[in-house]
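Architecture and fold: a report
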Amino acid sequence: MPSFSQNDFIELYDSYHAALYRFLLLRVGRVETAQDLTSETFLKAWRSLSKNGPVAHPQAYLYRIATTTLADHYKKNGREVSVDEEFLASSLDNMAKSATINDFADPVELARVSRALTRLPDDYAVVITLRYIEDLAHGEIAEAMERSEGAVRVLLTRALKALKEELGEV
Amino acid sequence: MQNQALLNNLKALHAISPNQEWADLARMNLMATIAAEQVQAPAPFFSFSFSQFSAFTTGMRYAAMASFTLVMMMGGVVAASQNSLPGSPLYPVKLASESVQGVVRFGAQENTNLSTAIAKRRIAEVSQLASNKLSTEEAASLQVQLDEYNQLIAEVSDAENPEEAKTKVEEVEEKAIALGAVLGSATDSEGFAAGMKAAVEDRMATCSNESVKVSVAAALELGTTEGLVEANELSLRCDEAVVEEIPAPEAGGEEGEPAPVEGEPVVEESAPEEVAAPQE
C-alpha cells in the first residue's frame, strides 16, 4: 500500500485549505467556526490517509470529511446559522477590490446570495458550492457526495430553484 | 436576478479566502499535533478551538493560537526527539520526556513496567549505536553484554515485589546509559575504546575494592572489545561484595585455565542472589 507522508499532507493542506474553508464558511456563516471545522477536517483526513494510504480524488474525499464534520458540529451545536455580518462586509469589500472578482458581480447581490446559501438545506448548498463556486465537474461532485452523476444533476436543478426562492425570485 | 447573473455571483464567491495568518498557524498546529500523535495515542486536538476565544479580538485570538502552537511545537520537538540516540542534541529531551511519563504514573506495577520499557529502550539505543559506529565483530561482542542486560530485566520483571524489580531494572538502565554515553560521544571504534577506557579508569580512581581493581586491570590488558566491555561491567560493581569472589587474574590465560576476567562466575553467582533478594 502506498504511504501518505507528512509532506503529502502539507501539499494537500496547501492545495485545498482555502476551498474547504470557503465551503464551510458558506455553511456555518462564522469565521471562527469555519476555521475550527477546516482544521478538524484536515486532522481527520490525516488520521485516515496516514493509516490507509492516499486516495484517488483527494478533493472529493476532503469534502466528504468536511460534510461529516459539519454534521457532527450540527449535532453538538444545533443548526442555527448566524452570519458574521462584519466578516461578510469586509470580505465582500476585499472581493470587490480583488482582481479575481468578475465584472458582473455586485457586492450587494453577493451578500444576499451568501446569506441565502447559508439558509439552504445542506445538500442543496453543497451541490451549488461545489459546482458553481468551486467549479468541480459533475463526476467529482458525485464522488464527493457519494451519489450518481444523474442524481447530482437533478439535485443541482432543484438546488438552484431553491436558491432563487430564498432570494425571492420565484 | 437572471440565471446568468446568479451564476456570476456564485462564481464571484470563489474569491472568499481565509486569513493567511490563520492558514499558516493552522498548518503549524496540525503538523505539531501530527508529530505529537506519532509518539502517543491520538489526543483530542480540538480541545483547543478558535470558537473558545470568541470573546477575544481577532488579534488576541491569533495570539492565543500562536501560544498554543508554540506549546504544540514543543510537543513536536519532544516527538522529534523520540528517535534520537545518545550523543544527539535531542537526546536530553527524550530523557526528560520519559521522566515526565514517570511522574504521571502511579501504580507500583505500572512504574515497574515503565522502567522496564525504558531500560529496554536504553539497551536498544546502545545496540543501534554499536551497529552504526563499531565493526560487526565489535558490535557483536558488545551485544553479548546487552543480551545479558535484557535477560536480567526479563528475570527481575517476574519478581513479586514490583518496587524491588524496579530498582534492579533501573540498575541495568544505568549501565546501559553509561555504555550509551561512551558510544554516543565516540565517532568510531577507536573513540569508543578510548572512551570506555577513560570511563573505567575514572570509576577505578574512586574505587577502594582491590579485588575489583585487579580484575578490571586484567580485563583492560586483554585489549579487546570483550575485555573493555568486561572491564566496564566489573568497574560498575565496585561496591558489590560478590566481586571479591573473583579469582586473582594473574592465574588466567597462560596456564590454560579459563581466564577469570571473563567474569562468568560473577554473573552466574550474583544474578540468582539478586533475584532472590526481593522476597523480603
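Residues numbered from 1 in each chain as written. Chains lettered and ligands numbered in written order. Predicted model: local features only at pLDDT ≥ 70, side-chain atom pairs only at ≥ 80, totals over all residues. Heavy atoms only, no water.

Details of the overall build of chain A
Just so we agree on the cut-off: Here a helix means four or more residues in a row that DSSP labels H or I, a strand means two or more in a row labelled E, and each is numbered from the N terminus. Using a 1.4 Å probe on the protein chains alone, a residue whose accessible area is under 20% of its type maximum counts as buried, one over 50% counts as exposed, and one in between counts as partly exposed. Any pair of residues with heavy atoms lying within 4.5 Å of one another is described as a contacting pair. In short, Shrake-Rupley with a 1.4 Å probe defines the accessible areas, and a residue's cover is counted only from the protein chains shown.
From N to C terminus, chain A includes 8 helices and 0 strands. Scanning chain A from its N terminus toward the C terminus, one meets helices and strands in the order α-α-α-α-α-α-α-α. Burial status across chain A gives 49% buried among its 170 residues. Across chain A, every contact between residues at least 6 apart in sequence was considered, and the portion connecting residues at least 24 apart equals 68%. With an accessible surface of roughly 8,000 Å², chain A has 49% of that area assigned to carbon and sulfur atoms.

Focus on the overall build of chain B
In terms of helices and strands, chain B carries 11 helices and 0 strands. From first element to last, N terminus to C terminus, chain B shows the α and β order α-α-α-α-α-α-α-α-α-α-α. Burial analysis of chain B (280 residues in total) assigns 44% to the buried set. Here the analysis covers contacts within chain B between residues at least 6 apart in sequence; of these, 64% occur between residues at least 24 apart. Of the roughly 14,400 Å² of accessible surface on chain B, a fraction of 55% belongs to carbon and sulfur atoms.

A word on the environment of Phe9 of chain A
On the secondary structure map, Phe9 of chain A appears in helix H1 (residues 6–28). Sequence-wise, Phe9 of chain A and Leu49 of chain A are 40 residues apart; in three dimensions their C-alpha atoms are separated by 8.7 Å. With near-sequence residues (within four places) excluded, Phe9 of chain A lies in contact with Phe4, Phe42 and Trp46 of chain A together with Leu30, Met31 and Ile34 of chain B.

Describing helix H10 (residues 225–235) of chain B
All names here are of chain B. Burial within H10 is extensive, with 10 of its 11 residues counted as buried. What H10 keeps buried is the set Thr225, Gly227, Leu228, Val229, Glu230, Ala231, Asn232, Glu233, Leu234 and Ser235. In the core, the buried residues of H10 are packed alongside helix H6 (136–156), helix H7 (162–185), helix H8 (189–205) and helix H9 (210–221).

Some thoughts on the confidence of the model for chain B
All names here are of chain B. The condition is simple: Known as pLDDT, the predictor's per-residue confidence is scaled from 0 to 100.
Summary statistics for chain B give a mean pLDDT of 71 and a share of 59% for residues scoring 70 or more. Note that residues 241–249 has pLDDT below 50 and, in this model, 19 contacts with residues that lie over four places away or in other chains. Overall, residues 251–280 carries pLDDT values under 50, and its contacts beyond four positions in sequence, including any with other chains, amount to 37 contacts. Here the prediction assigns the complex a pTM of 0.49, and the interface score ipTM is 0.83.

Examining the packing of helix H8 (residues 149–166) of chain A against helix H1 (residues 3–12) of chain B
As a reminder of what qualifies: For every element, the axis is a line fit to its C-alpha atoms; helices are fit only across the contacting stretch, and the angle between N-to-C directions ranges from 0 to 180 degrees. Angles are sorted into four bins: roughly parallel if under 35 degrees, roughly antiparallel if over 145, roughly perpendicular if 65 to 115, and oblique for all others. In this classification, Asp, Glu, Lys and Arg are treated as charged, Ala, Val, Leu, Ile, Met, Phe, Trp, Tyr, Cys and Pro as nonpolar, and every other residue, Gly included, as polar.
Axis separation between H8 of chain A and H1 of chain B bottoms out at 12 Å; the angle between their running directions is 95 degrees. Regarding the angle of H8 of chain A to H1 of chain B, the classification is roughly perpendicular. Listed contacts from H1 of chain B to Leu160, Leu163 and Lys164 of chain A of H8 of chain A are Asn3, Leu6, Leu7 and Leu10 of chain B. Here the residues of the contact of H8 of chain A with H1 of chain B sort into 5 nonpolar, 1 polar and 1 charged.

Here we look at the pattern of salt bridges
What counts here: Salt bridge, as used here, is a side-chain nitrogen of Lys or Arg placed within 4 Å of a carboxyl oxygen of Asp or Glu.
Evaluation of the coordinates by the stated rule reveals 16 salt bridges over all chains. A salt bridge links Arg131 of chain A to Asp135 of chain A; its shortest N-O distance comes to 3.7 Å. Judged by its relative accessible area of 23%, Arg131 of chain A is partly exposed. Residue classification places Asp135 of chain A among the exposed positions, given a relative accessible area of 57%. Glu233 of chain B is paired through a salt bridge with Lys175 of chain B; the nearest N and O atoms lie 3.2 Å apart. Linking Glu233 of chain B in helix H10 with Lys175 of chain B in helix H7, this pair joins segments that are 58 residues apart in sequence. Its relative accessible area of 14% is what places Lys175 of chain B among the buried residues. Each of the salt bridges in this network shares a partner with another, and the network as a whole consists of Asp14 of chain A together with Asp24 and Arg27 of chain B.

Some details on helix H2 (residues 31–52) of chain A
Three- or four-residue spacings in an α-helix give side chains the same orientation, since the helix completes a turn every 3.6 residues. To keep things clear, this is the line we draw: Expected span of a helix, by definition, is 1.5 Å for each gap between consecutive residues, and there is one gap fewer than residues.
With 22 residues, H2 of chain A should cover 32 Å at 1.5 Å per step; its first-to-last C-alpha distance of 31 Å lies within 8% of that length. Positive backbone phi, approximately 90 degrees, marks Gly53 of chain A, located one or two places after H2 of chain A.

Thoughts on the nonpolar core
Rule in force here: For this analysis, a nonpolar core means a set of buried residues of the types Ala, Val, Leu, Ile, Met, Phe, Trp, Tyr and Cys, connected via side-chain atoms within 4.5 Å.
Judged by nonpolar contacts, the single largest core of 65 residues is most densely connected at Leu117, Val127, Ile128 and Leu130 of chain A together with Leu10 of chain B. For this core, the element with the most residues is H1 of chain A, which contributes 11 residues. Membership of the second largest hydrophobic core comes to 26 residues, among which are Leu146, Ala176, Phe192 and Ala199 of chain B.

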